[in-house]
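Now for the letters of each chain:
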Amino acid sequence: MRAARQGTSLCGARQPATGKSPPRVSGGIIHSAAPVSFRFPPAPPSLAISALRHTLSMSKVLKGEDCTQDILHMNLDNDRSRKRNWGLLVTGIVGGTLVVLYAIATPFLTPALRKICLPFVPATSAQIENVLKMLQYRSGSLVDIGSGDGRIVIAAAKEGFRAVGYELNPWLVWYSRYRAWREGMHHNAKFYISDLWKVSFSQYTNVVVFGVPQMMPQLEKKLEEELDHNARVVACRFPFPHWMPDHTTGEGIDMVWAYDSKAFKGNEKTCSETVQKMHPL
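Residues numbered from 1 in each chain as written. Predicted model: local features only at pLDDT ≥ 70, side-chain atom pairs only at ≥ 80, totals over all residues. Heavy atoms only, no water.

Undergrad: When you look at the overall build of the protein in this model, what are you seeing that I'm missing?
TA: If you tally the helices and strands in the protein, you get seven helices and nine strands. For the protein, the proportion of its 281 residues judged to be buried stands at 27%. In the form shown here, the protein has an accessible surface area of approximately 19900 Å², with 61% of it arising from carbon and sulfur atoms. (Helix = DSSP H or I, 4+ residues; strand = E, 2+ residues; numbered from the N terminus. Buried < 20%, exposed > 50% of the residue type's maximum accessible area, 1.4 Å probe, protein only. Areas by Shrake-Rupley, 256 points an atom, 1.4 Å probe, with all protein chains shown as cover.)

So this is what it looks like as structure tokens:
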């Protein structure tokens, strides 16, 4: 009995107060009245460094994406600007080429629009030889009416003539001057931009004409009025309609006709005398 009481007193003895409620047992589960806190062990330094590196790398990637997008936008802007500049350059080149072609072609096409069409057709070597043959034993001044690229004038200058060419096409005049300079004939071969109908030929004793049938009658009258009695006229390709040639040479398109002013001025005088006899005052 005593032992049992002692045991009871032992089991039922009060525990000293600790300031905490004792755990409550219910259904075999212990319920603690105090909150339970769990503490994790601190992360090792290597893991923290790896996380920091990962964060930094991610920020760099994001920044890299932003830079890449900026670069792409800049490249697109540069491409557009480059295309726009190329477009302006191509437009300028095409426009400039058209202007140059127009400036070059206009002097060559304009004669076809005149009342008397006098196109540029270069003289052949045979024509030049025939012209010089008709001018043998002559000297003094020479004029080429419609001198073209200056072949006749330069060839006459080489034979000792003081040669002049009148041409309406400025490109041909500039080219003729260049050829004369290149061949060392620029002192005796001169070229001028002028309309043949606005020039007086009275100062020349030798005249070369590369004409067309439509202009020959009018030019015939002009030369009759302006040339002196010792002049000679050499016509190429087409003869004068009313004059009788004193000499001819060549054949086909290379044929030339030589007219002495004494003959056609004498014919003019004879014709005027005949008219006066038929119609006396």
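On we go.
Undergrad: Would you take a moment to explain helix H3 (residues 125–134) for this structure?
TA: Since the α-helix packs 3.6 residues into each turn, any two residues three or four apart lie on the same face. Considered for burial, the residues of H3 that qualify are Gln127, Ile128, Asn130, Val131 and Met134. On an axial view of H3, the arc spanned by its buried residues comes to 165 degrees, and they lie on one face. Projecting away from the buried face of H3 at angles above 90 degrees are the exposed residues Ser125 and Glu129. (Arc of directions from axis to C-beta.)

Undergrad: Sorry, what's going on with unusual backbone geometry here?
TA: Outside of glycine, negative phi angles account for most residues, and trans bonds account for most peptide bonds. A positive phi angle, close to 65 degrees, is found at tyrosine 137, a residue other than glycine. Tracing the backbone shows tyrosine 137 in the loop between H3 and strand S3 (141–145). Although it is not a glycine, arginine 237 adopts a positive phi angle of roughly 75 degrees. Within the fold, arginine 237 resides in the loop between strand S7 (232–236) and strand S8 (247–249). Taking the relative accessible area as the measure of exposure, arginine 237 reaches 22% and is therefore partly exposed.

Undergrad: Would you mind showing me how to read the side chain of serine 261 here?
TA: Here serine 261 lies in helix H7 (residues 261–278). Discounting residues that sit within four places of it in the chain, serine 261 has contacts with Asp228, His229, Asn230, Ala231 and Gly266. (Contact = heavy atoms within 4.5 Å.)

Undergrad: Even after reading the chapter, I still don't get the nonpolar core, so can you show me in this structure?
TA: Generally speaking, a soluble globular protein has its nonpolar side chains buried in company with each other. Residues Val131, Leu135, Leu142, Ala189, Phe191 and Val208 are the most contacted members of the largest nonpolar core, which totals 25 residues. No other element matches the six residues that helix H4 (residues 151–158) contributes to this core. Formed by 24 residues, the second largest nonpolar core is a distinct cluster that contains Val143, Val199, Phe201 and Met216. (Core = buried A, V, L, I, M, F, W, Y, C linked by side-chain atoms within 4.5 Å.)

Undergrad: Would you mind showing me how to read the pairing of S3 here?
TA: In regular strands, side chains alternate between the two faces of the sheet. Most of S3 sits inside the fold, with five of its five residues counted as buried. Side chains of S3 alternate between two faces, with Ser141, Val143 and Ile145 and Leu142 and Asp144 buried alike. Looking at chain direction, S3 and strand S4 (residues 162–167) are connected through five bridges and run parallel. Along S4, the bridge assignment pairs valine 143 with valine 164. A crossover connection joins S3 to the parallel S4 through H4; in handedness this β-α-β unit is right-handed. (Pairing = 2+ DSSP bridges. Right-handed = clockwise from strand over helix to strand, strands pointing away.)

Undergrad: Explain the confidence of the model for the protein to me, please; I cannot follow it from the model alone.
TA: Caution is warranted with low-pLDDT regions, since their predicted coordinates should not be read in detail. When pLDDT is averaged across the protein, the result is 76; 61% of the residues are at 70 or more. Within the model, the stretch residues 1–15 combines pLDDT values under 50 with one contact to residues more than four positions away or in other chains. Below pLDDT 50 for its whole length, residues 269–281 participates in zero contacts with residues either more than four positions away or in separate chains. (pLDDT = per-residue confidence, 0-100.)

Undergrad: Can you help me understand the environment of arginine 179 in this one?
TA: Tracing the backbone through its elements, the reader meets arginine 179 in helix H5 (residues 170–182). Separated by 30 residues in the primary sequence, arginine 179 and aspartate 149 have C-alpha atoms spaced 8.4 Å apart. Apart from the residues within four sequence positions on either side, arginine 179 is in contact with Asp149, Arg151 and Ile154.

Undergrad: Help me out: how do you make sense of the pairing of strand S9 (residues 256–260) in this one?
TA: Most of S9 sits out of view: five of its five residues are buried. Along S9, one buried face is formed by Val256, Ala258 and Asp260 and the opposite face, lined by Trp257 and Tyr259, is buried too. For S8 and S9, the ladder comprises three bridges, and the chain directions are antiparallel. The residue of S9 that forms the bridge with threonine 248 is tryptophan 257.

Undergrad: Which parts of the structure should I look at to understand the pattern of salt bridges?
TA: Opposite charge on two side chains permits them to pair, given that their charged atoms come into close proximity. This structure, assessed with the given rule, holds six salt bridges. A salt bridge links arginine 179 to aspartate 149; its shortest N-O distance comes to 3.8 Å. Linking arginine 179 in helix H5 with aspartate 149 in the loop between S3 and H4, this pair joins segments that are 30 residues apart in sequence. Each member of the pair, arginine 179 as well as aspartate 149, is classed as buried. A salt bridge links glutamate 183 to lysine 158; the nearest nitrogen and oxygen atoms lie 2.7 Å apart. (Salt bridge = Lys/Arg side-chain N within 4 Å of Asp/Glu carboxyl O.)

Undergrad: Can you help me understand the sheet that holds S4 in this one?
TA: Two modes of strand pairing occur in sheets, parallel and antiparallel, and in both the strands are linked by backbone hydrogen bonds. With mixed pairing, the seven strands of this open sheet are ordered in space as S5-S4-S3-S6-S7-S9-S8. Two strands lie at the open edges of the sheet, namely strand S5 (189–193) and S8, each paired on one side alone. In this sheet, adjacent strand axes meet at a mean angle of 15 degrees when their direction is disregarded. Direction of pairing for S7 relative to S9: antiparallel, over a ladder of five bridges. When the sheet's bridge partners are listed, arginine 232 is paired in S9 with aspartate 260. (Axes fitted to C-alpha atoms, helices over the stretch in contact; angles between N-to-C directions.)

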